[in-house]
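Summary of structural features
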Amino acid sequence: MKYDFTRIEKKWQGKWEAEKPFTALYGSEKPKSYILIEFPYPSGTGLHVGHPRPFTAMDIVARKRRMLGYNVLYPIGFDAFGLPTENFAIQNKVHPMVVTKNNILRFTSQLKKLGYSFDWSRCVDTTDPEYYKWTQWIFLKMFEHDLAYKALIPVNWCTSCKCVLANEEVVDGGCERCGAEVVRREKSQWMLRITKYAQRLVDDLDDVDYVERVKVQQRNWIGRSVGAEVDFKTTTGDTIRVFTTRQDTLYGATYMVISPEHSLLKKWSVENADEIHTYQEDAAKKSDFERTELVKEKTGVEVKGVRAINPVSGKEIPIFISDYVLASYGTGAIMAVPGHDVRDWEFAKKFGLPIIEVVAGGDVEKEAFEDCETGIMVNSPLINGLNVEDAKVKITKWLTENGLGVEKVNFKLRDWVFSRQRYWGEPIPIVHCEKCGYVALPENELPLILPDVENYETTETGESPLAAMTEWIITNCPKCGGFAKRETDTMPQWAGSSWYFLRYADPDNKNALASKQALDYWTPVDWYNGGMEHTTLHLLYSRFWHKFLYDIGVVPTPEPYMKRTSHGMILGEDNQKMSKSRGNVVNPDEYISEFGADTLRLYIMFIGDFEKAAPWSHNAVKGCKRFLDRVWNLAEAKIEGRATSNEDLSKEHETAVHRAVKKVGCDIEVLKFNTAIATLMALVNEFYITKPNRMEIKLLLTLLSPFAPHIAEELWELQCFEGYASGQPWPEYDEGKTIEANIDMAVQVMGKLRGTINVPVDSEDEFVVRTAVSDEKIARCIESKEIMRTIVVKNKLVNLIVK
RNA sequence: GCCGCUGUGGUGGAACAGGUAGACACAAGGGACUUAAAAUCCCUCGGAGGCAACUCUGUGCCGGUUCAAGUCCGGCCAGCGGUACCA
């Protein structure tokens, strides 16, 4: 019989649907293992080949964990709020809820066709009011703890989505999603105080097992820098506070620069007010992107009539405004040390300002000397002769003692702009009362249901579509009962995904986001795999929410995920990112119907290094199909014999099988699925040379089952083995049996390979050398030469040094 | 600019912890089977030379350490990702 994957896959998927063997158990005695993938956004275009890569990888891990005896939670859900659905709804005049339901149905059937061992009974949908009730609840808790606040701030405004974006959502000056231009606008927005957690978000990375590149990227994004705040008096009697990481160079501060938005500018009456004003207006007009794009050329205007006083030298120095100083970082003002900062140096050269060397070691006339390692302080009476590190300590102490400054840590991380002027998101459960201000909705009014609207489009003034719903907006203040208006902005897409993994622990709970008992048992997540693109978005956001929930006693651990790994992207056959416009998109459905889900699963894991990007190859898929055909032909007919333990392995295959068990098991743990599969292929190749016995087939199917579960179960059944392949304990191997009795050792002469010898494993060095020199070929290489030295690496090689 | 990663056959990629470079596949070529094709099976497959045994050479480039370097060190070059006037 031919390998009829269509029939087989349908059969086993039906069985899994009916018997639900992958359901995570409540109250199990077994140790738990929580394996998590990033739940998909159910887009209208259906499943993409990018999805199965992480899903299959973690499915293999989950299946192996079950075989190892764990109570595994491998859940799935849908992150379904979001713009594409809303846009589709607008264009096609359908309710986004309808679009979402359809998309989820389609995704569900596509995912089921891939044979994943998800626990479907715990499936969550972020747009379900029973779910977003708790998203809103967490927001209310944050509001209660002063972590959610409303502020008038300059925001990133996407001109195409007509919506604000978080800093994390702006990519190259454009919208992360649609690529359209992002401009700055002043808007009153809900904000989350993620900055309050900045320090802990950095520090606690030390306690989790994340791949290093993820940690590095988060640390960079949070951008912790240690320095000092220093007060500079001015000739008007005001104080300008600056932030610097180079307190040591204070004597070299020959001018100051403040941002064009600095508040003191409003207070001062300066000689060149018009000039200043023009510059301020120009700066305000520019988007952040434009401001940073003109990196090359520094601009600025001197504030005439006011001067600052260097607190250590007592010298008067000029003050400039320039847009290279950002209002939003530090204090919005800097002390400029042109000798030891490239930006200040450029500015000083352009404006003819003095450059003083305070750290010896470079040539400050030629370029700024920024080296902190080797430099020695000069021209700085308080700290001359010290190295940079010691100078920092001493000057900070001096500043503190004299009330002129204080040590300070700053972060690049900004608070999270949390409101969106869109329809398809969680309503923010806050009302605005003229008397009481912003008031939280009482918990018993949750969920605040997203009302039906006529029109899903953002209003011309840039308000949420909800703003047009007067009936819904007008309500009573929960505090004073008076007239109040509901918040019309909704939450960003990242809200629902910031805590979804907690809901999986107890998805039907009506009284809490999950019961304490369920959270205590299941959390934290043991292994979370996801895309690098979420490192500074979802991954950071959810760590923040989790820490907050930990602080208020809702979750038992300070970190949500113990381990985080990341997969590479699947590229098109042309080695380019898949996109509709390039026409290189691969549809997984077509491959499932042409080759079967097992082949697709296998190929997508065999494609290359899991952590790196890999181009799709139609031909290589065929190779994986060929492998499964070969497995089928090997095991289709029942093999007679005994298959009760490893003792039943044949002599000729014993080593290869023990090795395969070891290699496949280890490789899965370190994400080396490609070499695990290569090992299985090699084993099958051996079985084509000498036929496998019953036990050997049994082990092959057991090892194969996490990768290609359908064919493994079918062949298991055809062999009349008991139970299911997926229900077997993960096989054990004997380390001693992974080594053959006799091995080939390389023989080198002067470091060059000259031959191989076959010797018993663990042979004595002396014996190895004797065997080597008596080898005919080797003897020829060393004849008439004297052996000076021999190097033997046990079971590997022997190197003869001759003269 | 800064931070991180990566450079290995025609291609995707292997190589534990410095120890036989190219596992496992794909493509290509040859052969068997077939009326034929597909499928399957067998052989060859980094480069150069040789009838052959074999020899030389080869992991982005230059140098170093070592009995031995794809792997370690120093200096470059190229590509990818992140970040971007963050003081």
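Preceding this paragraph is the structure being described.
Residues numbered from 1 in each chain as written. Chains lettered and ligands numbered in written order. Predicted model: local features only at pLDDT ≥ 70, side-chain atom pairs only at ≥ 80, totals over all residues. Heavy atoms only, no water.

Section: the overall build of chain A
Along its length, chain A carries 25 helices and 32 strands. In terms of overall dimensions, chain A has C-alpha extents of about 100 × 85 × 50 Å along its principal axes. Relative to its 803 residues, chain A shows a buried fraction of 55%. Across chain A, contacts joining residues at least 24 apart in sequence account for 72% of those joining residues at least 6 apart. Carbon together with sulfur atoms contributes 51% to the accessible area of chain A, which is approximately 35,400 Å² in total. With 100 positive and 114 negative side-chain charges, chain A shows a spacing of 2 Å between the two charge centroids. (Helix = DSSP H or I, 4+ residues; strand = E, 2+ residues; numbered from the N terminus. Buried < 20%, exposed > 50% of the residue type's maximum accessible area, 1.4 Å probe, protein only. Contact = heavy atoms within 4.5 Å. Areas by Shrake-Rupley, 256 points an atom, 1.4 Å probe, with all protein chains shown as cover. Lys, Arg positive; Asp, Glu negative; His and termini not counted. Charge placed at Lys NZ, Arg CZ, Asp CG, Glu CD.)

Describing the nonpolar core
The biggest cluster of nonpolar side chains holds 87 residues, and the ones touching the most others in it are Met58, Tyr74, Trp616, Phe627, Phe673 and Phe707. Beyond its immediate sequence surroundings of up to four residues, tyrosine 74 is in contact with Ile35, Ile37, Pro54, Phe55, Met58, Asp59, Ala62, Arg66, Ser117, Phe118 and Asp119. By size, the runner-up hydrophobic cluster in this structure holds 64 residues, among which are Leu73, Val124, Tyr131 and Trp137. (Core = buried A, V, L, I, M, F, W, Y, C linked by side-chain atoms within 4.5 Å.)

Side note on the protein's contact with RNA strand B
Around RNA strand B, 52 residues are found, and the nearest of them are Thr245, Lys298, Tyr324, Arg343 and Asn799. Within 4 Å of the protein, the contacting atoms of RNA strand B are 63% sugar and phosphate, with bases supplying the remainder. Between a sugar or linking oxygen of RNA strand B and a side-chain N or O atom of threonine 244, the distance comes to 3.2 Å. Contact between RNA strand B and asparagine 674: a phosphate oxygen at 3.1 Å from a side-chain N or O atom of the residue. (Near = heavy atom within 4 Å. Polar contact = N/O pair within 3.5 Å; in protein donor to acceptor, adjacent residues only side chain to side chain.)

Here's the deal with the sheet that holds strand β9 (residues 182-192)
Where strands meet in a sheet, backbone hydrogen bonds hold them as pairs that are either parallel or antiparallel. Strand order across the open sheet formed by four strands is β6-β5-β9-β20, with antiparallel pairing between neighbours. On the outer flanks of this sheet lie β6 (163-165) and β20 (416-417), each paired with one strand and no other. Pairing of strand β5 (residues 148-158) with β9, which is carried by 11 bridges, proceeds in the antiparallel orientation. Of the residues in β9, the one forming a bridge with valine 155 is arginine 185. Set on the sheet, helix α5 (residues 129-144) makes contact with β5 and β9; between it and β9 the angle comes to about 85°. (Pairing = 2+ DSSP bridges. Axes fitted to C-alpha atoms, helices over the stretch in contact; angles between N-to-C directions.)

Topic: helix α21 (residues 673-689)
Between the first and last C-alpha of α21 there are 25 Å, a value that for 17 residues agrees with the 24 Å anticipated at 1.5 Å per step. Among all positions in α21, only Phe673, Asn674, Ala676, Ile677, Thr679, Leu680, Met681, Leu683, Val684 and Phe687 are buried. Buried residues belonging to α21 abut α2 (52-67), α18 (597-606), α19 (618-635), α20 (651-669) and α22 (694-704). (Expected span 1.5 Å × (residues − 1).)

A look at the packing of aromatic side chains
Any two aromatic rings considered together are summarised by their centre-to-centre distance and by the angle between their planes. Taken as a whole and assessed by the stated rule, the structure comprises 44 aromatic pairs. Among the aromatic residues, ring-to-ring pairing joins Phe139, Phe143, Trp190, Tyr197, Trp416, Phe418, Tyr438, Trp494, Tyr541, Phe544 and Trp545 into one connected group. Across the ring face of tryptophan 16, the terminal group of arginine 63 is positioned such that the distance to the ring centre comes to 5.2 Å. The lysine or arginine in question, arginine 193, covers the ring of tyrosine 149, its NZ or CZ lying 4.0 Å from the ring centre. (Phe/Tyr/Trp six-rings, centres within 6.5 Å; stacked < 30°, edge-to-face > 60°. Lys NZ or Arg CZ within 6 Å of the ring centre and 35° of its normal.)

Re the packing of helix α7 (residues 212-222) against helix α16 (residues 538-551)
Orientation of α7 relative to α16, taken along the N-to-C sense of each, is 75°, at an axis distance of 11 Å. Comparing their axes, α16 and α7 come out roughly perpendicular. Seen from α7, the contacting residues are Val214, Gln218, Trp221 and Ile222; seen from α16, they are Leu539, Leu540 and Arg543. Here the contact of α7 with α16 is built from residues that sort into five nonpolar, one polar and one charged. (Parallel < 35°, antiparallel > 145°, perpendicular 65-115°, else oblique. Nonpolar A, V, L, I, M, F, W, Y, C, P; charged D, E, K, R; others polar.)

Topic: the sheet that holds strand β10 (residues 209-210)
Taken in spatial order, the five strands make up an open sheet running β2-β1-β25-β26-β10, and their pairing is parallel. Every interior strand has two partners, whereas the edge strands, β2 (71-73) and β10, have only one. Taken together, the three bridges between strand β1 (residues 32-37) and β2 define a ladder with parallel strand orientation. Looking at the pairing, serine 33 lines up with valine 72 of β2.

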